Amino acid sequence: MRNQSGMIFPITVVVSFFFLLAFSHVLELYRVEMESIAYEQQSYEVDSIMQMAVFDVKKQIASFPDLQGNEGVFVYPIGKANYKWEKIDETKVKALIFARSDGGIRYSATFIVLFPSLDIIEWTENNS
């Protein structure tokens, strides 16, 4: 048989390199997955902020029927929403809401509400 005294170390290095490569790939997949989960959670939060803000704007419109318009900020535990609404005529109110989560995800929408039933008849999502 031939003397193979110089082969074990290079083979060990190559196999170790492939294990390291596979491990680093799995770690990168884990990091990407965690970022994806965090973004999805923030998206749910900003959607919740928008739903709360729409409810609060509709409540404000119902509470002050003689007001021609209003603007301000709603602050929630998970973010805030800037709003502006104005009467188009006696039966329609146009509102704009710009919601932002604490993580920085933004969501903006314009909608028209029938008055006094407070039904949303038109919804437009704005690019922001």
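Residues numbered from 1 in each chain as written. Predicted model: local features only at pLDDT ≥ 70, side-chain atom pairs only at ≥ 80, totals over all residues. Heavy atoms only, no water.

Looking at an unreviewed UniProt entry, one finds the protein named ComG operon protein 7 and attributed to Geobacillus sp..

All right, on to the pattern of salt bridges then. All chains considered together, the criterion is met by two salt bridges. When salt bridges that share partners are traced, they join Glu28, Arg31 and Glu35 into one network. (Salt bridge = Lys/Arg side-chain N within 4 Å of Asp/Glu carboxyl O.)

Turning our eyes to something else, we now look at helix α1 (residues 8-63). Under the 1.5 Å per step criterion, the end-to-end length of α1 is 82 Å for 56 residues, consistent within 8% with the ideal 82 Å. Within the sequence span of α1, burial applies to Val46, Ile49, Met50, Ala53, Val54, Asp56, Val57, Gln60 and Ile61. (Helix = DSSP H or I, 4+ residues; strand = E, 2+ residues; numbered from the N terminus. Expected span 1.5 Å × (residues − 1). Buried < 20%, exposed > 50% of the residue type's maximum accessible area, 1.4 Å probe, protein only.)

This part covers the UniProt feature "transmembrane region" (unreviewed entry) in the protein. The sites that UniProt annotates as "transmembrane region" (unreviewed entry) are residues 6-27. Secondary structure across residues 6-27 divides into 91% helix and 0% strand, with the first and last C-alpha atoms of the span separated by 33 Å. (UniProt positions renumbered as here; feature names shortened; annotations may be inferred.)

The next point concerns the pairing of strand β3 (residues 92-101). Every second residue of β3 is oriented toward a common face, the buried set being Val93, Ala95, Ile97, Ala99 and Ser101 and the non-buried set Lys92, Lys94, Leu96, Phe98 and Arg100. Of the strand pairs in this sheet, strand β2 (residues 79-87) and β3 are connected by nine bridges, and their pairing is antiparallel. Residue pairing in the sheet places Gly79 in a bridge with Ser101 of β3. What sits between β2 and β3 in their antiparallel hairpin is a turn of four residues. (Pairing = 2+ DSSP bridges.)

Moving on, we get to a nonpolar patch on the surface. Residues Met7, Ile11, Val15 and Phe19 make up a contiguous nonpolar surface patch of roughly 410 Å² in combined accessible area. One can find Met7 in the segment before α1. Met7 gets classed as partly exposed once you look at its relative accessible area, which sits at 46%. (Patch = residues over 30% accessible without salt bridge, like charges linked within 9 Å, V, L, I, M, F, W, Y side chains within 5 Å. Areas by Shrake-Rupley, 256 points an atom, 1.4 Å probe, with all protein chains shown as cover.)

Turning next to the packing of aromatic side chains. Scanning the entire structure with this criterion turns up four aromatic pairs. Between Phe74 and Tyr76, the ring centres sit 6.3 Å apart and the planes meet at 40 degrees, which makes this aromatic pair tilted. Taken together through their ring pairs, the aromatic side chains of Phe74, Tyr76 and Tyr83 make up a single cluster. (Phe/Tyr/Trp six-rings, centres within 6.5 Å; stacked < 30°, edge-to-face > 60°.)

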